[in-house]
Amino acid sequence: LFSLLAVMMVFLSGCGEDYLSTLKPSGEVGKQQLNLLLLTTVIMTLVVVIVSVIYLLAFLKYRRSRVGENVIPKQVEGSHTLEVIWTVIPIILLLIIAVPVVTTTYKFADVAAMDEVDEEGNKTALTINVTAKLYWWEFEYPNQGIITAQELVVPTGEKVYFNLKAADVKHSFWIPAVGGKMDTNVENLNKFYLVFDKESKDLKDGVFYGKCAELCGPSHALMDFKVKALSPDAFDAWVDAMKATEGQTADKASSDLGEATFANSCLGCHAISGSGAGGTPGPNLTTFGDRNRVAGFLEHNEENLKAWIKNPEEFKPGNLMMNADGTAPIYGNLSDEEIEALATYIMGLSVEK
Ligand code: CUA
């Protein structure tokens, strides 16, 4: 037992990163989830310790060398007092756990505010539609007319409501330091809210980490996303910048070849406008230059982007950029020159530069 605990402590010592750790939560939801975690852990630890001590004492007191060879200790059959004690104590402990867990669970599922409207009929709460796909995340802001992917941008200090669904198989939405996890299903919407109270240090640094928490396929472990929590003003500025991407085509740094290759090979699956142009099968790439990971988990640089475009299967087995037999990308094998230009073009897609 103690060596097991020691091993678990070693794992916990890896939870130092503020923006990943469930033990250093940000926001009301994460904090209350941690309180529940601590409450149940303390009660369960006490039960384990007390039961272990009684068990050991019984061993010592009634061991053969103490009571004598072939002597059987006094046998007790039926004790009302004992039975009442070991029935009532667990009931009390379970109630102490159950009451706060159930009330908190219902509180976080209260999404009535999602439907509230102001005098002009606009929704007042910030709602984000999350769609989990093999192996990436789409984030739609229906009231702002914005679609993005892989990086969730949220304001701090207010309830952010989520409609969660999956496009293919069951996934689970989890931002360890902020809250969740909640399943995303194909057949129904799950709804809940989160509160972010710590700003990401800047747009590249201090982002929260999001994970898929439901085994969904060979690249489940790579199905990550990032969360940028911005001050309300910075969030509004981001919304405006995203809306202004309608018709975004090229960045000055990119060449005609990059743009042309994108149009021929990528545009069928990837949109590059944050405004409305949804429904494509691949992640929306509007803000690709502003993101901090390639394919959700590789370091964000042009070399990795080129390697990814060249052979996505090598990095994320089972991803949908490959043809049916997994031998080549669906856009064919591009020349090195095309990949080079394409990577420069995609890295230039930005609303923050
Ligand atoms: Cu999606 Cu695991």
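All of these numbers come straight from a predicted model, not from anything done at the bench.

Of all hydrophobic cores here, the largest spans 46 residues; its most connected members are Tyr 141, Leu 152, Phe 162, Phe 173, Ile 175, Phe 196 and Trp 238. Among all residues touching Phe 162, those that are not within four sequence positions of it are Met 114, Ile 128, Val 130, Leu 152, Phe 173, Asn 190, Lys 191, Phe 192, Leu 194 and Phe 196. Judged by nonpolar contacts, the second largest core, of 22 residues, contains Phe 262, Phe 288, Leu 334 and Ile 339.

A separate point is the pairing of strand β3 (residues 146–149). Residues Ile 146 and Thr 148 of β3 are buried on one face, and the alternating residues Ile 147 and Ala 149, pointing to the opposite face, are buried as well. As defined by bridge partners, strand β2 (residues 136–141) adjoins β3 across four bridges and the pair is classed as antiparallel. Bridge assignment links Tyr 141 to a residue of β3, and that residue is Ile 146. The turn linking β2 back onto β3 is made up of four residues, and Gly 145 within it adopts a positive phi angle of 70 degrees.

The next thing to look at is the environment of Trp 238. Looking at where Trp 238 falls in the secondary structure, it is placed in helix α5 (residues 232–243). Judged by relative accessible area, which is 6%, Trp 238 ranks as buried. For Trp 238 and Val 351, which are 113 residues apart along the polypeptide, the C-alpha to C-alpha distance reads 7.6 Å. Residue contacts for Trp 238: discarding those within four places in its chain leaves Tyr 141, Ile 146, Thr 148, Val 153, Leu 230, Val 351 and Glu 352.

Taken together, Val 49, Val 53, Tyr 55, Leu 56, Leu 57, Phe 59 and Leu 60 make up a surface patch of nonpolar side chains, about 710 Å² in accessible area. Tracing the chain through its elements places Leu 57 in helix α2 (residues 27–61).

The final tally for this structure, using the stated rule, is eight salt bridges. Across the pair Glu 303 and Lys 306 runs a salt bridge whose closest N-O atoms are separated by 3.2 Å. With Glu 303 and Lys 306 both in helix α7 (residues 302–310), this residue pair falls three residues apart, about one helical turn. You can call Glu 303 exposed: its relative accessible area is 53%. Take Lys 306: its relative accessible area is 13%, and that puts it in the buried class. Look at the salt bridges and you will find they share partners, linking Glu 303, Lys 306 and Glu 340 into a network.

To continue, consider the side chain of Gln 150. Its place among the elements puts Gln 150 in the loop between β3 and β4 (151–155). At 3.2 Å, the side chain of Gln 150 and the backbone oxygen of Asp 224 are in polar contact. The residues touching Gln 150, leaving out its near neighbours within four places in the chain, are Trp 136, Trp 137, Phe 139, Asp 224, Phe 225, Lys 226, Arg 291, Ala 295, Gly 296 and Lys 316.

Turning to the sheet that holds β3, a few remarks are in order. Overall, mixed pairing links the five strands, which are arranged β3-β2-β1-β5-β8 in an open sheet. The open sheet has two edge strands with one neighbour each: β3 and β8 (190–195). The average undirected angle you get between the axes of adjacent strands in this sheet is 25 degrees. Sheet strands in contact with α5 are β1 (126–133), β2 and β3, and its direction is about 100 degrees off that of β3.

If you trace the backbone, Gly 282 turns up in the loop between α6 (256–266) and β11 (293–294). Beyond its immediate stretch of four places on either side in the chain, Gly 282 contacts Trp 136, Cys 269 and His 270.

Our next topic: α6. If you check which residues of α6 are buried, you get Gly 258, Thr 261, Phe 262 and Cys 266. Mapping the buried residues of α6 onto a view down its axis gives an arc of 105 degrees, with all of them on the same face. More than 90 degrees from the buried face of α6, the exposed residues found are Asp 256 and Asn 264.

Next up on the list: the packing of α6 against helix α9 (residues 336–347). Between α6 and α9, whose axes approach to 8 Å, the crossing angle comes to 95 degrees. For the element pair α6 / α9, the angle class is roughly perpendicular. On α9, the residues touching Leu 257, Gly 258, Glu 259, Thr 261, Phe 262 and Cys 266 of α6 are Glu 337, Glu 338, Ala 341, Leu 342, Tyr 345 and Ile 346.

So, how was this worked out
- Residues numbered from 1 in each chain as written.
- Predicted model: local features only at pLDDT ≥ 70, side-chain atom pairs only at ≥ 80, totals over all residues.
- Heavy atoms only, no water.
- Core = buried A, V, L, I, M, F, W, Y, C linked by side-chain atoms within 4.5 Å.
- Buried < 20%, exposed > 50% of the residue type's maximum accessible area, 1.4 Å probe, protein only.
- Contact = heavy atoms within 4.5 Å.
- Helix = DSSP H or I, 4+ residues; strand = E, 2+ residues; numbered from the N terminus.
- Pairing = 2+ DSSP bridges.
- Patch = residues over 30% accessible without salt bridge, like charges linked within 9 Å, V, L, I, M, F, W, Y side chains within 5 Å.
- Areas by Shrake-Rupley, 256 points an atom, 1.4 Å probe, with all protein chains shown as cover.
- Salt bridge = Lys/Arg side-chain N within 4 Å of Asp/Glu carboxyl O.
- Polar contact = N/O pair within 3.5 Å; in protein donor to acceptor, adjacent residues only side chain to side chain.
- Axes fitted to C-alpha atoms, helices over the stretch in contact; angles between N-to-C directions.
- Arc of directions from axis to C-beta.
- Parallel < 35°, antiparallel > 145°, perpendicular 65-115°, else oblique.

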